[in-house]
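Observations on chain architecture
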Amino acid sequence: MERDGSMERDKGLNRRLFLRGAALLGCSAAAHPLMTTVTLAGSDGGQPLGDQRLIVVILRGAMDGLDVVRPVGDAEYAGYRPTLLAGPPGLDLDGYFALHPALGGLMPLWSAGELAFVHATSTPYRDKRSHFDGQNLLEAGTGLDVPAGSVKDGWLNRLLQVTPGVQVETAYAVGQEAVPLLAGPAAVRNWAPETELVLSPQAELLLEHIYHDDPLFQAAATEAIELTSEERGVAAGGMAADGAADGGVRLKSVAALADFAAARLRADTRIAAFSLSGWDTHRVQAGIIGKSLAKLETVILQMRDSLGPEVWGKTTLMAMTEFGRTARENGSGGTDHGTAGAMVLAGGAIRGGRVYGEWPGLGAGDLFEERDLRPTSDVRQWAAWAMRGLYGMERGVLEGVVFPGLQMGPDPRLIRV
């Protein structure tokens, strides 16, 4: 990029292009299939959100809850999935449900009451089974009575809007916008840890010069450069460096993502949200889902270790997906888009060691449209009860503002505190 020495010209650069104009600064986004951002919100001294932490993980692509939390006690289950069940057996949870073996590292959390699941749950989305529409409804937190696209903010952002005095703890926007569930009028900031940042020394100086007089973006630029510098040369330690020119490093590790969020959650941040992709398993599901579950397991265990016992004891992590998958496997060893699925809950603040939700059964008369697990609860109900338990939110506010039109139903007592 040519420069004429004018600082005024620099200031005229659109700030929303910060580190997005890859050609300008010689950086590129490592996204497979999409870059992951982590969004954080908090307040000075942790008030008024108290001392409880909430982490929301969106599992993009429709996680197969019937494979993750296997209803082996249902007489119909094995007949639907002969190929998918040909591998290692699941790990017994309660005599009826078994956990996918790729999540075996989480079993100590289950025994300690720090891991739980919700089965047969879904958003109000039905029938069309579009990833885009399903994720939009999941993150908007609305029902089908609200016209598509009419709600521009996400349910976590609305939580912040109705919580007086919330301020944003500093986070960093490098490469992509926030996950939609935290988009809206309440200010939040983002950081994209899966960014391949390739900066020559000259580009670093240019970046510092451009944002010298802008406190927000100067801090972001400094942090980005520091993160890059810290990660150089540590590929042997498990980080993914790709040998790019000028010492560029690809920050892809989900452990790094969890560490980044945990460091902020140990301070004033109280809410974090990010997504994990790779859950669309139309073909050879056995080989694909294990890799995705390994990432989810890494996030949970790294969060626990990085937060430490005291903060982990005040933490609720909720992993949710846009919809489930068909009860029957298809002809290519995978499963197609379905309806109800499962949520994963972790943290010291939850009442774990159990599978929540009403099980509808897998008999021919039990399935939704004769193909899918039938929903018996709404994903929003579990999120709403978690927020009520963590932050003392009024039920009327949760049902009328955060999740407009929701009927929360009876209290499942998800939260210990």
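Residues numbered from 1 in each chain as written. Predicted model: local features only at pLDDT ≥ 70, side-chain atom pairs only at ≥ 80, totals over all residues. Heavy atoms only, no water.

Here the focus is the packing of helix α12 (residues 379–391) against helix α13 (residues 395–402). Close contact between α12 and α13 brings their axes to 10 Å; oriented N to C, the two are set at 140°. The orientation of α12 with respect to α13, classified from their angle, is oblique. Of the two possible hands of crossing, α12 and α13 adopt the one that is right-handed. Residues Ala384, Trp385, Met387 and Arg388 of α12 pack against Arg395, Leu398 and Val402 of α13. Taken together, the residues that form the contact of α12 with α13 break down as five nonpolar, no polar and two charged. (Axes fitted to C-alpha atoms, helices over the stretch in contact; angles between N-to-C directions. Helix = DSSP H or I, 4+ residues; strand = E, 2+ residues; numbered from the N terminus. Parallel < 35°, antiparallel > 145°, perpendicular 65-115°, else oblique. Left-handed = near helix turned anticlockwise from the far one by under 90°. Contact = heavy atoms within 4.5 Å. Nonpolar A, V, L, I, M, F, W, Y, C, P; charged D, E, K, R; others polar.)

Summed over the entire model, instances satisfying the criterion amount to six aromatic pairs. Judged by centre distance (5.1 Å) and plane angle (65°), the ring pair of Tyr96 and Phe97 falls under edge-to-face. On the basis of relative accessibility, which here comes to 28%, the residue Tyr96 falls in the partly exposed class. Judged by centre distance (6.3 Å) and plane angle (25°), the rings of Tyr125 and Phe323 are stacked. Remark: Phe323 occurs in the loop between β11 (315–321) and β12 (341–346) and Tyr125 occurs in the loop between β6 (115–122) and α6 (131–140); sequence separation between them is 198 residues. The pair formed by Tyr125 and Phe323 is uniform in burial state, with each residue classed as buried. Site record: aromatic cluster; members linked through ring pairs are Tyr96, Phe97 and Trp359. For the cation-ring pair, Arg264 lies above Phe260, with the distance from its terminal atom to the ring centre recorded as 4.0 Å. (Phe/Tyr/Trp six-rings, centres within 6.5 Å; stacked < 30°, edge-to-face > 60°. Buried < 20%, exposed > 50% of the residue type's maximum accessible area, 1.4 Å probe, protein only. Lys NZ or Arg CZ within 6 Å of the ring centre and 35° of its normal.)

Position of Arg158 among the secondary structure elements: in helix α7 (residues 155–161). Here Ala140 takes part through its backbone oxygen, which lies 2.4 Å from a polar atom of the side chain of Arg158. (Polar contact = N/O pair within 3.5 Å; in protein donor to acceptor, adjacent residues only side chain to side chain.)

Function-wise, these values are silent; they only describe arrangement.
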